[in-house]
Amino acid sequence: MISGIQIALKNAIDVIAPPATPLQDFTYHWKQLMNFYVSHLTDCKVPVQNTSIPRHLDVLLEILLQEEKENEPGPCLEYLLQHKLLDLLATLASAETPPGMRTVCLAFLRKLLGRSKYPLLHHASIYIPIQRLVALCNGNPPSPIEAEEVQFLLTICFLVCKYPHVTNIINDAPIAQTSSTNNPVKEDNEKQEVQKVTYIPTRQRNNSNPLFEPLDTQAITLVNPNLFDKDQKRLLCSSRGFKMGTSVHVSSRRSNESVSSREESVSSSPLAQKSVCDSPSTNTKSDEQWEEKCEGDSSENKIDEHLQNLRDLRLDCTDCNVYDDGSYTVDDNQSLRSPTKMLGKSQCLLLDALMSYLNSADNTVRIRACEGIMVLASLDDPSFAQTIARSELPSIVSNRLENLFNSIPAHVDHLEIYNVDVTWGLDSPLWTKEKKFPGCRQVAAFFMWFDYCDQLIREAQTDLAETLAKAIRVMFFERIVTPALADHHVVLITALVAKCLKEISSTALCAEVSYWLVGQDRDPDIPNVWTSPVLHRLIENCFTDSNDLTVETLKLFEEAIEKRNEHILHCLLLIYLSTRAYYDNTAADSAIASWSDEEDEREKEKKGSLDLSYEQSHSRTLAPSNIHRVINCFLSLMPRYLQADPDVNNYEKYMPAWERQYSSVLSDCALMAWPLEAVMVDDSASSDSRPEADHCSGRFYLGPFLSMLFDKVSNMSKQTYEINLEVTRLVSRLALLPHPYLHEFLLNPLLPLIPGTKSLFLCLQKVVKQLVSEIPKTSESKTILKETRQRLLGDCSQEEEKENILYESAIVTEEFCKDLAAIAYVKYHHSI
C-alpha cells in the first residue's frame with residue numbers, strides 16, 4: 001500500500017516537474033563551472049582543489065560516457081563539439097585559472113579521449129585544443145605537474161597508434177599559434193580578452209628558483225676529461241640555433257618550496273609572465289570594468305555573456321623569449337630554454353613535447369616519455385617516419401648517450417661491467433648490496449639508455465631505424481668512442497664497448513656498429529695498409545704490455561664474433577679465406593689430404609662443374625672420411641709425458657656442451673649464403689686487382705685479425721693464463737662457424753698449405769716445442785703439472801702455490817686440443 005502511494009506520488013511529481021534530460025544536466029554543470037569565474041575574477045589565491053570545478057568536470061565526464069552506452073553520439077557530445085567547450089578549457093588551462101586548472105583539464109581530456117569508444121581526435125573542436133595543450137606540456141624548465149602532463153601526452157600517443165589516420169593532425173602546428181603570429185593586433189586583442197575573464201597574479205617569478213639552474217658540469221667525474229670544454233662549445237652553438245643542437249640538461253634537484261607554491265606555478269606560465277611584464281595596471285583596470293559590468297546584469301545573463309566572450313578565444317602559447325627565427329634565447333636566470341617554436345622544426349608537437357621530458361628528475365616521467373616516443377616511432381607511416389627522422393630525436397638520443405657515457409667515473413672496475421644487468425623500463429632489477437660497486441649507478445644509467453636506444457631502433461619504422469642507428473654510430477661511436485680507445489682509461493672503455501656489443505639486439509644498430517668496427521669497405525686489406533682505424537687500434541691494443549687491455553680487447557672481438565654479423569665475419573675473416581689461396585694445389589697426390597678434393601674430382605668428371613651445393617644437403621668438407629685422423633692429430637699433439645690428464649679420450653666429455661653451441665650457431669647462420677664445400681676457384685681474372693689472392697705468386701695474407709690471433713696462439717707459453725684462456729675461447733668460437741673455408745683452414749691439420757703460410761695447427765706445434773724444451777728442465781715437472789691442473793680446473797678455491805705461466809700454458813694447450821677435437825667431431829656428426 002505504501003509503495004503504491006510512493007509510486008503515485010513520484011508520477012505526480014514527474015508530471016508537475018519532469019526530471020532533467022542529460023543535455024540539461026550537462027549545460028547546467030557547465031554553466032555552474034563557468035559561473036565560478038564570474039564570482040572570482042580578482043581572487044588569485046583559491047586553488048582549484050578548493051573549488052567546485054573538479055566536481056563539475058567529473059559530472060560532465062560521467063554524462064558523456066554514460067551517453068556513449070547508447071552506441072551513437074548524443075546531444076551532449078554534439079553540444080561539446082558545436083560550442084567548442086574544450087577550447088575554453090584549453091584557454092583556462094593555459095592561463096592556470098585558478099591555480100591547478102591545467103592539471104584538472106589535462107585529467108579531464110585524458111579520461112574523455114581514453115575512455116571514449118569513438119575516434120574524436122579528427123574533430124576540429126577536439127584537436128585544436130589538444131594541440132594547444134600539447135604545446136603547453138614542456139619539460140624545459142621542469143614543471144611541478146610533469147607527471148600529469150606526460151600521462152596526458154602518452155594517452156594521445158596511444159590514440160594516434162590506435163587511429164593512425166590522425167597522424168597528420170599531430171604533425172601540424174596549432175592554427176591559433178599561426179594565425180596569432182601573422183596578426184599581432186589580433187594577438188593583443190585576444191590577450192586582453194583573456195585578461196577580462198582570468199585573474200593575473202601581480203608577483204613575478206623568483207629568478208633564483210633552483211628548478212631552472214643549468215647542469216653543473218664541473219661536478220661530473222668523466223672518462224673524457226674534455227667534456228666541459230666541448231659542452232660549452234655545444235651550448236654556444238645551440239644558443240645560436242645550430243642545426244644539430246643538443247638538449248640542455250637541467251638540475252635534477254627540485255626545491256620543495258617551488259613545487260608546493262601555487263603562486264610560483266601560476267607566474268611561470270607564459271601568459272602570466274607576459275601580462276605582468278607588459279602592464280599590470282591595465283590588468284587591474286580591466287578586472288574592475290568587468291566586475292562593474294557584471295554587477296548590473298542577472299546571473300543568467302552573466303553566464304551567457306561570459307560564455308560568448310570565451311568561445312572564440314585563442315591563446316598564443318608561444319614563449320615570449322623566442323624570436324621568430326626559432327633561435328634559443330637566455331632569460332633572466334641565464335638558463336637556456338627550449339621553446340616550442342625551436343622544437344617545431346620537426347612539425348610534430350607531440351614528439352617535441354615528449355622529448356622535453358627526457359631530462360626529468362623523475363624516473364617515472366622519463367620512462368613514460370620514452371614510451372610515448374617509441375609508440376610514435378613504431379607507426380608504419382613513411383611520411384610520419386621521415387618527419388621524426390628530420391626532428392631533433394636522433395641528435396637528442398645520441399647526445400644523451402654521450403653524456404651518460406662521459407659521466408661514468410674513471411675509477412670503475414672494468415671487471416664489474418659484465419655484472420650489470422639492467423633494462424630501460426621500470427622492470428629493471430634493483431641494485432642490491434651484493435651488486436653495488438663504486439660508480440654502479442652511472443654505469444647502470446648508461447646501459448639503461450643504451451638498451452632504450454636499441455629497443456627504440458628495433459621497434460621503429462625501417463627508414464627511421466636506419467636514421468637513428470646511423471646517428472648513434474656517427475655521433476657516439478665515431479666521435480666519442482674512437483678517440484677514447486687511445487685514452488688513459490682504454491681498459492674501461494673497451495669493456496663498456498664489449499658490453500654494448502653483447503646487449504645489441506636490433507638489426508639496424510648492429511649493422512651500423514659493424515661499420516664502425518671493421519669499416520664499410522668489403523675489400524680485403526693489403527698488408528701494412530689499414531682501412532679501418534678502429535680495427536687497427538683494437539689490434540694494436542692486443543700487443544700492449546697491459547694484460548687487462550689485451551684480455552678486454554679479445555673479449556670485444558669475441559662479442560663481435562658472437563653477433564653472427566655477416567659484415568663483421570666477412571671483413572675479419574672470410575674475404576681472406578674464400579679464394580682458398582692458402583691451399584697448395586701443386587703438392588704431390590700422396591701429400592694431398594683435402595677433405596673434399598677427391599669427391600670434387602669425381603663430380604667434375606661427371607658434370608664438369610664444381611658447384612655441388614645443388615646436389616647435396618650436407619657438406620663433405622665438414623664431414624670428411626678421415627675424421628679420426630684429424631682428431632688424432634689434435635689429441636697426439638701434446639706429448640704423453642706433458643699431459644696432466646691420464647685419459648686420452650677425455651675430449652668426449654666436452655662434446656655435449658659444444659653440441660648445444662653448434663646447434664645455436666647453425667640457427668644463427670642459416671640465412672647466410674655460405675657455400676657447402678671448400679673447392680678451388682679460378683679467380684685469375686681478378687688477380688691483378690687483388691694481389692694478395694694470386695695463387696701463382698705464392699703469397700697468402702691472413703688478414704690483420706687472423707694474423708694477430710695466430711701470433712697470440714704462438715706465444716701461449718709466455719702469456720698469462722687469462723690471456724691464453726681468452727685466445728682459446730675466441731679461436732673456438734671461430735672454429736664453430738659452419739663456413740667450409742674457415743673450417744678447413746682451422747680444423748684440418750692434414751691440409752697442404754703454400755710455403756710460409758701460418759695455420760692454427762702449426763702455431764700449436766710451435767707452442768708444444770717450446771713447452772717440450774722448457775718444462776723438463778724443472779724437477780718434478782709431472783707433479784707440478786698435476787697440481788697446476790687441479791688448481792685451474794678443480795673446485796678448490798684456495799691457491800696452493802703461486803702461478804706459473806709455463807705450466808699453466810701447458811694445461812691450457814692440452815685442454816684446447818681436446819676442444820678442437822670435440823668441435824671437429826660435433827661438426828662431422830651434424831654433417832653426415
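Sequence positions are assigned chain by chain, starting from 1 and proceeding in written order. Restriction of local features to residues with pLDDT of at least 70 applies here, the model being predicted, together with a cutoff of 80 or more for giving and counting side-chain atom pairs; totals for whole chains, interfaces and linings are based on all residues. Remark: hydrogens and water are excluded; side-chain values derive from all non-hydrogen atoms of the structure.

Considering the overall build of the protein
Working step 1: Helix and strand assignments follow DSSP, with helices taken as H or I runs no shorter than four residues and strands as E runs no shorter than two, numbered in order from the N terminus. When helices and strands are tallied, the protein shows 38 helices and 0 strands.
Working step 2: Note on exposure labels: buried denotes an accessible area under 20% of the residue type's maximum, exposed denotes more than 50%, and partly exposed covers the range between, all computed with a 1.4 Å probe on protein chains only. By the burial criterion, 55% of the 832 residues in the protein qualify as buried.
Working step 3: The contact definition used throughout considers only heavy atoms, calling two residues in contact when any of these lie within 4.5 Å. Across the protein, the fraction of contacts at a sequence separation of at least 24, relative to all contacts at a separation of at least 6, is 79%.
Working step 4: For the accessible areas, the method is Shrake-Rupley and the probe is 1.4 Å, while residue cover comes only from the protein chains on display. For the protein, the accessible area works out to roughly 37900 Å², and carbon and sulfur atoms hold 50% of it.

Quick notes on the pattern of salt bridges
Working step 1: Any Lys or Arg side-chain nitrogen located within 4 Å of an Asp or Glu carboxyl oxygen qualifies as a salt bridge. A complete count under the given rule lists 22 salt bridges for this structure.
Working step 2: For arginine 789, the salt bridge is made with glutamate 815, and the minimal N-O distance between the two is 2.4 Å. One end of the pair, arginine 789, is in helix α37 (residues 781–793); the other, glutamate 815, is in helix α38 (residues 805–831), and 26 residues separate them in sequence. For the pair shown, arginine 789 and glutamate 815 are each scored as buried.
Working step 3: Three or more residues are tied together by salt bridges with common partners; here these are Glu558, Glu562, Arg564, Asp668, Glu726, Arg729 and Arg733.

Focus on unusual backbone geometry
Working step 1: Residue proline 98 follows threonine 97 across a cis peptide bond; omega there is -10°.
Working step 2: Locating proline 98 in the fold gives a position in the loop between α5 (85–94) and α6 (101–115).

A short note on the nonpolar core
Working step 1: Residues grouped as a nonpolar core are buried Ala, Val, Leu, Ile, Met, Phe, Trp, Tyr and Cys residues, joined through side-chain atoms within 4.5 Å. Judged by nonpolar contacts, the single largest core of 221 residues is most densely connected at Phe108, Phe152, Leu350, Leu376 and Leu573.
Working step 2: Setting aside residues no more than four positions away along its own chain, leucine 376 makes contact with Cys157, Val160, Ile170, Leu350, Leu351, Leu354, Phe384 and Ile388.

Observations regarding the packing of α6 against helix α8 (residues 146–162)
Working step 1: Viewed as axis vectors pointing N to C, α6 and α8 meet at an angle of 25°, and their least axial separation amounts to 9 Å. When the axis of α6 is compared with that of α8, the two are roughly parallel. Judged by the twist between their axes, the crossing of α6 over α8 is left-handed. On the side of α6, the interface is formed by Arg102, Thr103, Leu106, Leu109, Arg110, Leu113 and Gly114, while α8 contributes Glu148, Glu149, Gln151, Phe152, Thr155, Ile156 and Leu159.
Working step 2: For this classification, Asp, Glu, Lys and Arg are treated as charged, while Ala, Val, Leu, Ile, Met, Phe, Trp, Tyr, Cys and Pro are nonpolar and the rest, including Gly, are polar. Here the residues of the contact of α6 with α8 are counted per class, giving 6 nonpolar, 4 polar and 4 charged. To obtain each axis, a line is fitted to C-alpha atoms, and for helices this fit is confined to the stretch in contact; angles are then taken between N-to-C directions over 0 to 180 degrees. Between 65 and 115 degrees an angle is taken as roughly perpendicular, under 35 as roughly parallel, over 145 as roughly antiparallel, and anywhere else as oblique. In this scheme the handedness of a crossing depends on how the near helix is turned from the far one: anticlockwise by less than a right angle means left-handed, clockwise means right-handed.

Digging into the packing of helix α23 (residues 440–459) against helix α24 (residues 462–484)
Working step 1: As a packed pair, α23 and α24 sit with axes 8 Å apart at the nearest point and diverge in direction by 145°. Counted together, Phe446, Phe450, Cys453, Leu456 and Ile457 of α23 and Ala465, Leu468, Ala469, Ile472, Phe476 and Phe477 of α24 form the full contact between these two elements.

Concerning the environment of leucine 61
Working step 1: Relative to the helices and strands, leucine 61 is located in helix α3 (residues 53–68).
Working step 2: Classification of leucine 61 as buried rests on a relative accessible area of 6%.
Working step 3: Considering only alpha carbons, one finds leucine 61 and arginine 115, 54 residues apart in sequence, at a separation of 9.9 Å.
Working step 4: Excluding its chain neighbours within four sequence positions, the residues that come into contact with leucine 61 are Phe108, Lys111, Leu112 and Arg115.

Structural notes on the confidence of the model for the protein
Do not read the predicted coordinates in detail wherever pLDDT is low.
Working step 1: Summing up the model confidence of the protein, the mean pLDDT is 76 and the portion of residues at 70 or higher is 68%.
Working step 2: Every residue in residues 606–615 scores below 50 in pLDDT, and together they form 13 contacts with partners more than four places removed in sequence or on other chains.
Working step 3: Taken together, the stretch residues 683–697 has pLDDT below 50 and engages in 20 contacts with residues farther than four places along the chain or on a different chain. Here pLDDT means the predictor's own confidence in every residue, given as a number from 0 to 100.

Re helix α27 (residues 533–541)
A turn of α-helix holds 3.6 residues, and therefore any two residues three or four places apart point the same way.
Working step 1: Along α27, the residues classified as buried are Val534, Leu535, Leu538, Ile539 and Asn541. Across the axial projection of α27, the buried residues extend over an arc of 155°, all falling on one side.
Working step 2: On its buried face, α27 is in contact with α24, α25 (490–503), α26 (507–518), α28 (547–562), α29 (566–577) and α33 (704–714). Read the arc as the range of directions from the helix axis to the C-beta atoms.

Some details on the packing of aromatic side chains
Working step 1: Here is the rule: rings of Phe, Tyr and Trp (six-membered ring for Trp) pair when centre to centre is within 6.5 Å. Planes less than 30 degrees apart are stacked, more than 60 are edge-to-face, and the remainder are tilted. Within the structure shown, the criterion is met by 19 aromatic pairs.
Working step 2: Ring geometry for phenylalanine 36 against tyrosine 37: centres 5.4 Å apart, planes inclined by 85°, an arrangement best described as edge-to-face.
Working step 3: Its relative accessible area of 1% is what places tyrosine 37 among the buried residues.
Working step 4: Here tryptophan 424 and tyrosine 452 contribute two aromatic rings whose centre-to-centre distance is 5.0 Å and whose plane-to-plane angle is 65°, an arrangement assigned as edge-to-face. Highlighted residues: tryptophan 424 in the loop between α22 (393–406) and α23 and tyrosine 452 in helix α23, separated in sequence by 28 residues. Summarising the burial analysis for this pair, tryptophan 424 and tyrosine 452 share the class buried.
Working step 5: Cluster of aromatic residues (ring-pair linked, three or more members): Phe405, Phe446, Phe447, Phe450, Phe476, Phe477 and Trp516.
Working step 6: One cation-aromatic arrangement involves arginine 400 over tryptophan 449; the distance from NZ or CZ to the ring centre is 5.0 Å.
Working step 7: Only when the NZ atom of a Lys or the CZ atom of an Arg is both within 6 Å of the ring centre and within 35 degrees of the ring normal do we say a charge sits over the ring. Note that arginine 580 overlies the ring of tyrosine 583, its terminal NZ or CZ placed 4.1 Å from the centroid.

Examining α28
Working step 1: Multiply 1.5 Å by the residue count of a helix minus one, and that product is the helix's expected span. Under the 1.5 Å per step criterion, the end-to-end length of α28 is 22 Å for 16 residues, consistent within 8% with the ideal 22 Å.
Working step 2: Counted residue by residue, α28 has 12 buried out of 16 residues, so it is predominantly covered.
Working step 3: Considered for burial, the residues of α28 that qualify are Leu549, Thr550, Val551, Glu552, Thr553, Leu554, Leu556, Phe557, Glu558, Glu559, Ala560 and Ile561.
Working step 4: Buried positions along α28 lie against α25, α26, α27, α29, α33 and α34 (721–735).
Working step 5: Remark: arginine 564 follows α28 within two positions and exhibits a positive phi of approximately 55°.

Considerations on the side chain of serine 831
Working step 1: One can find serine 831 in helix α38.
Working step 2: In this structure the side chain of serine 831 is engaged in a polar contact, spanning 2.9 Å, whose partner is the backbone oxygen of lysine 827. Two N or O atoms form a polar contact when they lie within 3.5 Å of each other; inside protein one atom must be a possible hydrogen donor and the other a possible acceptor, and for residues adjacent in sequence the pair counts only when both atoms belong to side chains.

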